[in-house]
Amino acid sequence: LVEKADGVLYTSDGRDVEMSVASTKAFYAQVAAGFLLSLAIAREIRAGQSAANGPAGGGQVRPPSAPASRPSATEERRFGNDAAAARLEHDLLAGLRDLPSALEEVLAARPEIAAAAWAHAPSRRHWAVVGNGQNRLTASELRIKLSELAYKSIACDATEDKKHIDLSSEPLILVCAAGLPPAAAADVGKELAIYRAHKAAPVVIATRGTPFPAALATIEVPPVHPQLAFVLSAMAGHLFGYEAALAIDAQARGLREIRAAVEDVVGDGDGPPEHLLIRLAPRMALGARTFQDGLRQGAYNGSLEAGTAVELASVLRYATRALPLELYELDHGRVGTPGVVVEDLAAALTRAIDELTRPVDAIRHQAKTVTVGISRSEEELFRSSLVVAVLGAGAPRERLTYRVLRTLGALGPAVDEVAGFTRYRIDGPVGAATEAARISVLAKGGVATGLRSRAEGEGGDVLRGTKHRAATLQEVTVAKGGTDGRTVVLIPEISRGVVVGLTLLHARFADRLRGDAMRAVLEGYQARYGALVDAVTETASFSDERLGDLAVIDLLTSPVHVLAEAWRGE
């Protein structure tokens, strides 16, 4: 777009230049840029008109970033519309300069915004955002952000139109009303009364000191130029959406604790099966009681599906031994054994937690996750040196799983050079007890060209050894030849969960890395860092600095217990 445009206004959040991403910070910056561009165009038009009408109304044209002083009343009477336009320009530019401090005030009001969000958002299944004038723009912006954060399908309307459309759904209505003149504010107050009459829940964002008696809650923002007040509505609405998502997610906290108790008890495996519920019931009694109380109060009405709530509530009664297992089949169609109840409980808990979870720092269901969050991170992985080498060897991009890409990216700093490759095809089931899987060479390059492989003959060879292990685990594996000392990286090629190929890179590894760099490599490679720390700290202390004293290839290939013994021995 920049290359094709006749003019470009770059915006920045102070860290980097925004490039085509509709982020929140870009919204604020582009609003300011839009005002500056509009003011500059208006000034150019006035200058052209003045030149056409003679020197009386002329004068030097200043850029809007350097505004003239505000015109006096005498100047306005003398120059008429030009002076009024200059006065508006001055006021808008001054307002833009004051806007950051006003935004900071809105940020400081987060506790009050959170109180409104936690009190009114979680229990309402349907949401809407409304505004009039420039606040209608804010409503459109907030509709996007609230749906991203709270996973809601949110209606967006003009304030005066909402009463004609879907008030029968009794929604939470976020009303953007900052910067309204008294007459318009009075009209909005009448609309709020209509909302309340239809059992809706209006929450208003308004300039400080503007009363809205019919609102369930009012989020106040500081006074700014009326034409800029909608920006404060946007920030307050963003904070409201963030806190609303946190409030919904908090409803899953007790259910997560119950599921953790289920996993602990099942994982222990102590005692006969009939004692399973006896051990589990007291550990989840509090969480179950909290959930049942929330159901009675309607706390879960906004986000938990009715079928999920009924299923979970019913299974919990049996799991806590409030009802006898003999009745379980009547409610759930299965003979009620402790194992069946726990299995159904785990499934119901998982569904309920999924419906309530709002990972606001890793948003799932929105376009930005696909177009920015995933694509950017994946493209970075595909640019890592080892991934480039694997693709250059001929491995199809779609056969490299995310875990494989992440591991190759982590190993990159440890590899100084890739000197060659061998690609293999794998036929037959990998990991079977019989030696059914076979491996055959597809292509070779670099130093591998002159190396003879057993898999080059007709029919290939049996998949065995380190290659078999890499294919079975479906993990990138670093290996060192026992006889020739060659160091290689084995990369499984996976299609629909099945290993169909293997790429072997002949790699020369760095001799040593700094401790912190080596830690990053080990953390990304088969979780070896955590395993090494656990093994060492059984009897000794651990320091990342010591990692810089050990050979990289040894840290990647030697058994962890051998490394730990050497660590303690020194």
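Below you will find a few notes about this structure. This is a predicted model, so every value here is computed, not measured.

This brings us to the pairing of strand 7 (residues 438-446). As paired elements, strand 6 (residues 415-427) and strand 7 share 8 bridges and run antiparallel to each other. When the sheet's bridge partners are listed, R425 is paired in strand 7 with S440. Inspection of the sheet shows strand 7 paired to strand 8 (residues 461-462) by 2 bridges, in the antiparallel sense. From the neighbouring strand, I439 faces strand 8, where its bridge partner is D461.

Taking 1.5 Å per residue, 22 residues should reach 32 Å; helix 7 (residues 229-250) reaches 32 Å between its end C-alpha atoms and fits that length. Of all the 22 residues making up helix 7, 20 are buried; the element is thus mostly covered by neighbouring parts of the structure.

To continue, consider the nonpolar core. Ranked by size, the top nonpolar core spans 46 residues in total, and within it V106, W127, V129, L174, I219 and F240 carry the most contacts. The leading source of residues in this core is helix 7, at 11 residues. Core analysis: the next-biggest nonpolar cluster, separate from the first, contains 43 residues, F382, L386, V476 and A510 among them.

Bringing the packing of aromatic side chains into the picture now. A complete count under the given rule lists 4 aromatic pairs for this structure. Centre to centre, the rings of F27 and Y28 are 5.7 Å apart; their planes meet at 70°, and the pair counts as edge-to-face. Where F291 meets Y300, the ring centres are 5.1 Å apart and the plane angle is 50°; that geometry is what we call tilted. Taken as a pair, F291 and Y300 share a single burial class, namely buried.

It is worth spelling out unusual backbone geometry at this point. Phi at Y151 takes a positive value of approximately 55°, unusual for a residue other than glycine. Looking at where Y151 falls in the secondary structure, it is placed in the loop between helix 5 (135-150) and strand 2 (155-158).

When two helices pack together, their arrangement is captured by the angle between the axes and the distance separating the axes. Between helix 4 (residues 110-120) and helix 7, the least distance of the axes is 8 Å, while the angle of their chain directions is 50°. Classified by the angle between their axes, helix 4 and helix 7 sit oblique to one another. Crossing hand, helix 4 versus helix 7: right-handed. Counting all contacts with helix 4, which are made through R110, I113, A114, A116, A117 and W118, the residues of helix 7 involved are A236, L239, F240, Y242, E243, A244, L246, A247 and A250.

The next thing to look at is the pairing of strand 5 (residues 217-221). Covered by surrounding structure in strand 5 are A217, I219 and V221 only, the residues T218 and E220 on the alternate face being uncovered. Across 5 bridges, strand 4 (residues 201-207) lies against strand 5 in parallel orientation. When the sheet's bridge partners are listed, V203 is paired in strand 5 with A217.

Spatial ordering of the open sheet is given by 2-1-3-4-5, a layout of 5 strands whose pairing is parallel. With partners counted over all chains shown, the strands left at the sheet margins are strand 2 and strand 5, one partner each. Geometrically, the sheet is characterised by an average inter-axis angle of 20° between neighbouring strands, direction not taken into account. In this structure, strand 1 (residues 127-131) lies alongside strand 3 (residues 172-177), joined through 5 bridges in parallel fashion. Looking at strand 3, one finds that A128 is bridged to I173.

It is worth spelling out the pattern of salt bridges at this point. If you walk through the whole model with that rule in mind, you get 25 salt bridges. One salt bridge connects R452 with E456, and the closest N-O pair in it is separated by 3.7 Å. Among the residues examined, E456 registers a relative accessible area of 30% and is labelled partly exposed. What you see here is one network of salt bridges that share partners, running through R43, R46 and E89.

With that settled, consider helix 14 (residues 385-392). For helix 14, the complete set of buried residues consists of L386, V387 and V390. All buried residues of helix 14 project into a common sector of 100° when viewed along the axis, lining one side. Two residues or fewer after helix 14 comes G394, characterised by a positive phi angle close to 110°.

Judged by side-chain polarity, L9, L37, I41 and I45 come together as a nonpolar surface patch covering roughly 380 Å² of accessible area. Note that I41 resides in helix 1 (residues 24-53).

This part takes up the sheet that holds strand 10 (residues 487-495). Strand order in the open sheet formed by 6 strands is 8-7-6-11-10-9, and the pairing between neighbours is antiparallel. Looking at which strands have only one partner, the edges of the open sheet turn out to be strand 8 and strand 9 (477-480). One ladder, built from 4 bridges, connects strand 9 with strand 10; its direction is antiparallel. Residue pairing in the sheet places K480 in a bridge with T487 of strand 10. Those strands touched by helix 14 are strand 6, strand 10 and strand 11 (498-509), and its axis lies near 120° from that of strand 11. Sheet contacts for helix 16 (residues 465-473): strand 6, strand 7, strand 9, strand 10 and strand 11; angle to strand 10, the most-contacted strand, approximately 40°.

Calculation criteria
- Residues numbered from 1 in each chain as written.
- Predicted model: local features only at pLDDT ≥ 70, side-chain atom pairs only at ≥ 80, totals over all residues.
- Heavy atoms only, no water.
- Pairing = 2+ DSSP bridges.
- Helix = DSSP H or I, 4+ residues; strand = E, 2+ residues; numbered from the N terminus.
- Expected span 1.5 Å × (residues − 1).
- Buried < 20%, exposed > 50% of the residue type's maximum accessible area, 1.4 Å probe, protein only.
- Core = buried A, V, L, I, M, F, W, Y, C linked by side-chain atoms within 4.5 Å.
- Phe/Tyr/Trp six-rings, centres within 6.5 Å; stacked < 30°, edge-to-face > 60°.
- Axes fitted to C-alpha atoms, helices over the stretch in contact; angles between N-to-C directions.
- Parallel < 35°, antiparallel > 145°, perpendicular 65-115°, else oblique.
- Left-handed = near helix turned anticlockwise from the far one by under 90°.
- Contact = heavy atoms within 4.5 Å.
- Salt bridge = Lys/Arg side-chain N within 4 Å of Asp/Glu carboxyl O.
- Arc of directions from axis to C-beta.
- Patch = residues over 30% accessible without salt bridge, like charges linked within 9 Å, V, L, I, M, F, W, Y side chains within 5 Å.
- Areas by Shrake-Rupley, 256 points an atom, 1.4 Å probe, with all protein chains shown as cover.

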